[in-house]
Amino acid sequence: MKELTQEKESVRWGGVWAMSLCAMVLVASEFLPVSLLTPIASDLQITEGYAGQTIAISGLFALVTSLFLTSLIGNIDRRRVLLFFTFITLLSGIIVAAAPNAGLMMIGRALLGICIGGFWSMSTATSMRLVPEQSVPKAIALLNGGVALSSTVAAPLGSYLGGVIGWRGAFICIVPIAVIALIWQRISLPKLPAATSIRDKKPILNVMKLLTKPVIAFGMISVMLLFVGQFSVFTYLRPFLETVTKVSTEMLSMILLTLGVAGLVGTFLIEHFMKERMYVTLIVMPILMMLTVILLLLFGSSVIAIFILIPVWGLISTAAPTAWWIWLSKTLPDEAEAGGGLMVAIMQLSVTLGAGVGGLIFDHSGFEKTFLFSAFILMAAAIIAFLTWRQSTFIAKIYK
């Protein structure tokens, strides 16, 4: 009996690993334009700011999907839904790689956004059903490890492949990995019926109702500000490095590799920090990111400074989503699916705002004001994270 239990648990962890690979594919697809912004803009004859909107539009559709997901999928087996989103992801990659103009590329990116919103809304709730309660933080860290691994490989490899086989070739390279993720999930994920019947309920209202809880409202505002600040800089990192630091394509790939490797390390370290000092970690992260942005402004022309600051940025910014997902699992253990939908909606709204507003500022005022905008928003994120902690402490005292 014990051996059967261990075998069952091993299979379920296989499902987590398969979802981690899918997460890697999604993140690589979503943010690959960051390392290919210049050649995409040149080939499609658009500005770099407009090219940055390819990230904004995927964020917008992810936002809408995350809010309407529960009502759309109803009582459908969650395993089938995850497989559907993975299939659409690989279809999106083909459309983007073959896009003859910006319009069709935006359609492909919109499809990707639907997959991002759907997958991430279900990820935490699914992980909580696959593993024992005490292993949930580890499963979430593993799931986000796919994000960090993608950041490690996708950005530098995308930049390199963009120079060798073109940006279209870089996008098409993601498709076979998506196929592997689809097959692996098909084999390893068990049937996942809806946890509760949602008939006669109003899922969107249930998601938004979570914001009536002060600790959730403050937490989500902090998440939103963190991601706006992050992506108003991250989306336009390549143009900054090319125009200010004046790096070559080979050097750019190396810099992005250091960012990804640091992010991978940060993702696996963050679980420890969240266990020991959860709210301190959530407060300190945006402060360190803000300081990094300011230092980039001051020393961005120095290659040595870049090789120090970019890994610091990667270490913190890549770990931030994992930290907030762990916070969510601890704050809303009984409403994980609704909470996941809200979290994805907030994150994707923030990605859309960060990339969109950052692109407008970048096109009209240059990188200096773009980075200053980011620093201001990140400081605000730290302040709201502090208020989230105070609200959590207040609630804990009431229920003592």
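Position labels on residues start from 1 in each chain and follow its written sequence. Where totals are concerned, whole chains, interfaces and linings use all residues; where local detail is concerned, this predicted model gives features only for residues with pLDDT of at least 70, and gives and counts side-chain atom pairs only at 80 or more. Computation of side-chain values: all heavy atoms of the structure, hydrogens and water removed.

1. Let's talk about the confidence of the model for the chain
The line we're drawing: pLDDT measures the predictor's confidence residue by residue and takes values from 0 up to 100. Here a residue-residue contact requires only that any non-hydrogen atoms of the pair lie within 4.5 Å.
Chain-level statistics for the chain give a pLDDT mean of 83 and a share of 91% at 70 or above. In the model, residues 1-7 has pLDDT below 50 throughout and makes zero contacts with residues more than four positions away in sequence or in other chains.

2. Here we look at unusual backbone geometry
For the record, the criterion: Numbered from the N terminus, helices here are DSSP runs of H or I no shorter than four residues, and strands are runs of E no shorter than two. In this scheme, a residue with accessible area under 20% of its type's maximum is buried, one over 50% is exposed, and one in between is partly exposed, where area comes from a 1.4 Å probe on protein chains only.
The phi dihedral of Gln45 falls on the positive side, at around 60°, and the residue is not glycine. On the secondary structure map, Gln45 appears in the loop between α1 (2-44) and α2 (48-73). Owing to a relative accessible area of 74%, Gln45 belongs among the exposed residues under this scheme. The phi angle at Lys246 is positive, at roughly 60°, despite the residue not being glycine. Note on placement: Lys246 falls in the loop between α10 (237-245) and α11 (249-276).

3. Quick word on the packing of aromatic side chains
So the rule is basically this: Pairing of aromatic rings covers Phe, Tyr and Trp, the last counted by its six-membered ring, and requires centre-to-centre distances within 6.5 Å; plane angles under 30 degrees mean stacked, over 60 mean edge-to-face, and any other angle means tilted. In this analysis the charged atom, NZ for Lys or CZ for Arg, is taken to sit over a ring once it is within 6 Å of the ring centre and within 35 degrees of the ring normal.
Summed over all chains, the structure comprises twelve aromatic pairs. Both rings, one in Phe119 and one in Trp120, keep their centres 5.3 Å apart while their planes meet at 85°; by these two values the pair is edge-to-face. Judged by centre distance (6.0 Å) and plane angle (20°), the ring pair of Phe227 and Phe231 falls under stacked. Here Phe227 pairs with Phe231, and both are found in helix α9 (residues 214-234), just four residues apart, close to one helical turn. For the pair Phe227 and Phe231, a shared accessibility class is recorded, and that class is buried. Put simply, the rings of Phe119, Trp120 and Trp325 touch in pairs and so form one group of aromatic residues. The ring of Trp389 carries Arg390 above its face, with NZ or CZ at 5.8 Å from the centroid.

4. Observations concerning the packing of α9 against helix α12 (residues 278-299)
Let me state the cut-off plainly: Convention adopted: a line fitted to C-alpha atoms gives each axis, helices being fitted over their contacting stretch, and angles between N-to-C directions are expressed from 0 to 180 degrees. For classification, angles of less than 35 degrees are called roughly parallel, those exceeding 145 degrees roughly antiparallel, those between 65 and 115 degrees roughly perpendicular, and all remaining angles oblique. It is the rotation of the near helix from the far one that decides the hand of a crossing: anticlockwise by less than a right angle makes it left-handed, clockwise makes it right-handed. Three residue categories are used. Nonpolar comprises Ala, Val, Leu, Ile, Met, Phe, Trp, Tyr, Cys and Pro, charged comprises Asp, Glu, Lys and Arg, and polar comprises the others, including Gly.
Packing of α9 against α12 brings their axes to within 11 Å, and their N-to-C directions diverge by 25°. In terms of orientation, α9 and α12 fall into the roughly parallel class. α12 is crossed by α9, and the crossing has left-handed handedness. Residue-level contacts link Val215, Leu226, Gln230 and Val233 of α9 to Tyr279, Pro286, Met289 and Val293 of α12. Taken together, the residues that form the contact of α9 with α12 break down as seven nonpolar, one polar and no charged.

5. Brief notes about the side chain of Thr86
One can find Thr86 in helix α3 (residues 78-98). Those residues in contact with Thr86 that sit more than four places away from it in its chain are Cys22, Ala178, Ala181, Leu182 and Gln185.

6. Focus on the layout of surface pockets
Think of a ball as big as a water molecule: rolled over the atoms, this probe shows where empty space is left. Defined as follows: Residues are called lining when one of their atoms sits within 4 Å of a cavity or pocket point, these points coming from a 1 Å grid over the protein atoms alone, where a cavity is a set in which a 1.4 Å probe fits but cannot get out and a pocket is an open set with protein on both sides within 12 Å along at least five of seven lines. Grid points are joined across faces, edges and corners, and a volume is the space filled by probe spheres set on the points.
Approximately 260 Å³ is the volume attributed to the second largest pocket. For the second largest pocket, the lining is made up of 13 residues, of which Ile270, Phe273, Thr281, Met285 and Ile316 are closest to its centre. Breaking the lining of the second largest pocket down by element, the ones donating at least two residues are α11, α12 and α13 (303-331). The element contributing the most residues to the lining of the second largest pocket is α12, with five residues.

7. Re the nonpolar core
What counts here: Throughout this description, the term nonpolar core refers to a set of buried Ala, Val, Leu, Ile, Met, Phe, Trp, Tyr and Cys residues connected via side-chain atoms within 4.5 Å.
By size, the foremost hydrophobic cluster in this structure holds 124 residues, and its most contacted members are Phe119, Trp120, Phe171, Phe240, Leu282, Trp327 and Met343. Here the element with the most residues in this core is α1; it accounts for 19 residues. If we ignore the near neighbours within four places in the chain, the residues touching Leu282 are Met274, Ala323, Trp324, Trp327 and Ala385.

8. Some points on α12
Each full turn of the α-helix corresponds to 3.6 residues, which orients residues three or four apart in the same direction. The line we're drawing: Under the convention used throughout, the expected extent of a helix is 1.5 Å for every residue step, that is, one less than its residue count.
For α12, built from 22 residues, the straight-helix expectation of 32 Å at 1.5 Å per residue is met to within 8% by its first-to-last C-alpha distance of 32 Å. Looking at α12, one finds that the buried residues are Met278, Tyr279, Thr281, Leu282, Ile283, Met285, Pro286, Met289, Met290, Thr292, Val293 and Leu296.

9. What to know about the packing of α10 against α11
At a minimum axis distance of 11 Å, the contact between α10 and α11 shows a crossing angle of 135°. When the interaxial angle is binned, α10 and α11 end up oblique. Crossing of α10 against α11: the hand is right-handed. Judged by residue contacts, Leu237, Arg238, Leu241 and Glu242 of α10 engage Leu252, Ile255 and Leu259 from α11. Looking at the contact of α10 with α11, its residues break down into five nonpolar, no polar and two charged.

10. So, the pattern of salt bridges
What counts here: Just to be clear on terms, a salt bridge is a Lys or Arg side-chain nitrogen sitting within 4 Å of an Asp or Glu carboxyl oxygen.
Scanning the model with the defined rule gives two salt bridges in all. Note that Arg168 and Asp43 form a salt bridge whose closest N and O atoms lie 3.1 Å from each other. Taken together, the residues Arg168 in helix α6 (residues 166-172) and Asp43 in helix α1 connect sequence positions 125 residues apart. Classification of Arg168 as partly exposed rests on a relative accessible area of 25%. A salt bridge links Glu271 to Lys275, with the shortest nitrogen-to-oxygen separation between them at 3.6 Å. With Glu271 and Lys275 both in helix α11 and four residues apart, this pair spans about one turn of that helix. The exposure class assigned to Lys275 is exposed, which follows from its relative accessible area of 56%.

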